[in-house]
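One letter stands for each residue in the lines below.
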Amino acid sequence: MSDYPAEILQQALPGVQRLQPYQPGKPVSELERELGLSDIIKLASNENPLGASPAALSAARAALDALHRYPDGNGFALRQALAQQHDRDIDWITLGNGSNDALELIARVFLGPGRNAVFSEHAFAVYPIVTCVCGAQARVATAIPAGQDQAYGHDLQAMAAQVNEDTAVVFIANPNNPTGTWLASGPLKSFIGDLDPRIIVVVDEAYFEYVDQPDYPDTSLWLDEFPNLIVTRTFSKAHGLAALRIGCALARPPLTDLLNRVRQPFNCNAIAQAAALASLKDTVHIQNSVRSNKAGLAQLGQSLSDRGLDFIPSVGNFISFHPGVAQGTGRGFDGQTVYEALLREGVIVRPVGNYGLPDYLRVTVSTQAENNRFITALDHVLDKARAVK
Ligand SMILES: Cc1ncc(COP(=O)(O)O)c(C=O)c1O
């Protein structure tokens, strides 16, 4: 890189020059190559440990017969099924290559130089990326402080204070990744209602299916009331279709029309569309996935508490925990060191330093057996670290 002409690099748009690429969870194959390990478990990307619905797998296999054809660029069958699920017309649905794609479509329609997007500290990493790529400014609100209810989560008052006359988009993750914190219906509705109605509010509900809280809102039901609202959902999490990259945005038809103007003609492939359609119908698989996650969340929470380890209570399919605060010991182990030691045990979790939480690690909730394996590996790593200190 060093002999590469700087003047070419300087041609990149300023927003892109400032960007750091998205850091995905380490793939199993990479750790196999690096450490020559086998029997690795990956708990790093909030994937569904039960996999995809069997019906989705058959639909995906059947779609292989038509690989020579372009997919349906309008995603008719899937959009129709999603529209039916939400009791809306088809022109309320935009398909995305993952919900990340939907987030990027929103940014491309509404963000640009001279405009800004507001989101919270520790919010999902794609919001700053899509904001910067479009040349807009990111205005980051301070999160709820440690020690308070929903610590590290979105502070709606602080977010409102970041909004100014150049704000075009507000991104809200409900629940948020990597904190697993969530916003209740009342405060979220007041926040949206108090905003300048020209500002686009994006409520990212990637983990919607998992949330089991009485006050948790289904904001897709608010689309009539708020014409500036866009709700994003995904098939990557509870539906277990992360590899296929398929998600959607729900919004009023004129907004959907704007999103579709910047969408690539064939942004969602045919296998993904077929599998997602079948998955929507397999409600039993979703129920099983949600039930398994509930048990796993309780198991991991209990195991971390038993060890006196601090963690952020989560309503998603992951927990961010602090491997360094073993209560009463006063001794600290930093997140990166514990992450690397866990890799040597064949367990991949996710450091969240890039989310402004350098002391935390995020672990995806898995099956009871994989959760046990993670806890055993963590015990081993922390015991070794304590012995050295
Ligand atoms: C809060 C949140 N939103 C959106 C996404 C994007 O998911 P996908 O592009 O796979 O739909 C993720 C993925 O981890 C997420 O955590």
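Conventions we followed
- Residues numbered from 1 in each chain as written.
- Predicted model: local features only at pLDDT ≥ 70, side-chain atom pairs only at ≥ 80, totals over all residues.
- Heavy atoms only, no water.
- Helix = DSSP H or I, 4+ residues; strand = E, 2+ residues; numbered from the N terminus.
- Rg over C-alpha atoms; globule rule 2.2 N^0.38 Å.
- Buried < 20%, exposed > 50% of the residue type's maximum accessible area, 1.4 Å probe, protein only.
- Contact = heavy atoms within 4.5 Å.
- Areas by Shrake-Rupley, 256 points an atom, 1.4 Å probe, with all protein chains shown as cover.
- Polar contact = N/O pair within 3.5 Å; in protein donor to acceptor, adjacent residues only side chain to side chain.
- Patch = residues over 30% accessible without salt bridge, like charges linked within 9 Å, V, L, I, M, F, W, Y side chains within 5 Å.
- Salt bridge = Lys/Arg side-chain N within 4 Å of Asp/Glu carboxyl O.
- Pairing = 2+ DSSP bridges.
- Axes fitted to C-alpha atoms, helices over the stretch in contact; angles between N-to-C directions.
- 1 Å grid on protein atoms, 1.4 Å probe; cavity = no way out; pocket = protein on both sides within 12 Å on 5 of 7 lines; lining within 4 Å.
- Points joined across faces, edges and corners; volume = space filled by probe spheres on them.
- Nonpolar A, V, L, I, M, F, W, Y, C, P; charged D, E, K, R; others polar.
- Domains from an automatic or database assignment.
- Buried area = accessible area lost by both parts, 1.4 Å probe.

(A) Spatial organisation of the overall build of the protein. Looking only at helices and strands, the protein features 14 helices and 13 strands. In terms of overall dimensions, the protein is globule-like: its C-alpha atoms have a radius of gyration of 21 Å, near the 21 Å expected for 389 residues. Taken over the C-alpha atoms alone, the protein extends approximately 60 × 55 × 50 Å along its principal axes. Looking at the protein as a whole, 51% of its 389 residues are labelled buried. Sequence-distant contacts in the protein: of pairs separated by 6 or more residues, those separated by 24 or more amount to 72%. Approximately 17,700 Å² of the protein is accessible, and the part contributed by carbon and sulfur atoms is 52%.

(B) Structural detail: the side chain of Lys26. On the secondary structure map, Lys26 appears in the loop between helix 2 (14–18) and helix 3 (28–35). For Lys26, the side chain forms a polar contact with the side chain of Glu30, separated by 2.9 Å. Separated by 2.9 Å, the side chains of Lys26 and Glu34 make a polar contact. Not counting residues within four places of it along the chain, the set of residues in contact with Lys26 comprises Leu31, Glu34, Lys42, Tyr339, Leu343 and Ile348.

(C) How the structure looks around a nonpolar patch on the surface. Judged by side-chain polarity, Tyr4, Ile8 and Leu9 come together as a nonpolar surface patch covering roughly 280 Å² of accessible area. Within the secondary structure, Ile8 sits in helix 1 (residues 6–9).

(D) Here's a closer look at the sheet that holds strand 8 (residues 247–250). If you walk across this open sheet you meet the seven strands as 2-8-7-6-5-3-4, and the pairing is mixed. Strand pairing shows two members of the sheet lacking a second neighbour, strand 2 (93–96) and strand 4 (137–141), which therefore form its edges. On average, each strand axis in the sheet is tilted by 20° relative to the strand beside it, whichever way the strands run. Looking at chain direction, strand 5 (residues 167–173) and strand 6 (residues 200–204) are connected through five bridges and run parallel. Counted as the bridge partner of Ile172 is Val203 from strand 6.

(E) Local environment of the layout of surface pockets. Roughly 470 Å³ of volume is contained in the largest pocket. Forming the walls of the largest pocket are 26 residues, and the residues nearest its centre are Tyr22, Ser45, Asn100, Lys237 and Arg245. With three residues, the single largest contributor to the lining of the largest pocket is helix 6 (residues 99–110). Residues of the lining of the largest pocket, tallied by class, amount to 10 nonpolar, nine polar and seven charged. Two domains each provide a minimum of three residues to the lining of the largest pocket, namely domain 1 (6–38 + 285–388) and domain 2 (54–282).

(F) View of the domain arrangement of the protein. Partitioning the protein into structural domains gives domain 1 (6–38 + 285–388) and domain 2 (54–282). Listed per partner, the contact involves 25 residues of domain 1 and 29 residues of domain 2. Approximately 2,300 Å² of surface area, both sides summed, lies buried where domain 1 meets domain 2, with 66% of it carried by carbon and sulfur atoms. A per-residue breakdown of the area domain 1 buries against domain 2 is headed by Ile286, Val315 and Tyr355, which together make up 28% of the total. Here domain 1 and domain 2 share eight residue pairs in polar contact (both at pLDDT 80 or more) between them. Elements that contribute at least two residues to the side of domain 1 that touches domain 2 include exactly helix 2, helix 12 (283–306) and strand 10 (318–326). Considering every element that reaches the side of domain 1 that touches domain 2, the biggest residue donor is helix 12, with six residues. Looking at the side of domain 1 that touches domain 2 residue by residue, the class counts come to 13 nonpolar, 10 polar and two charged.

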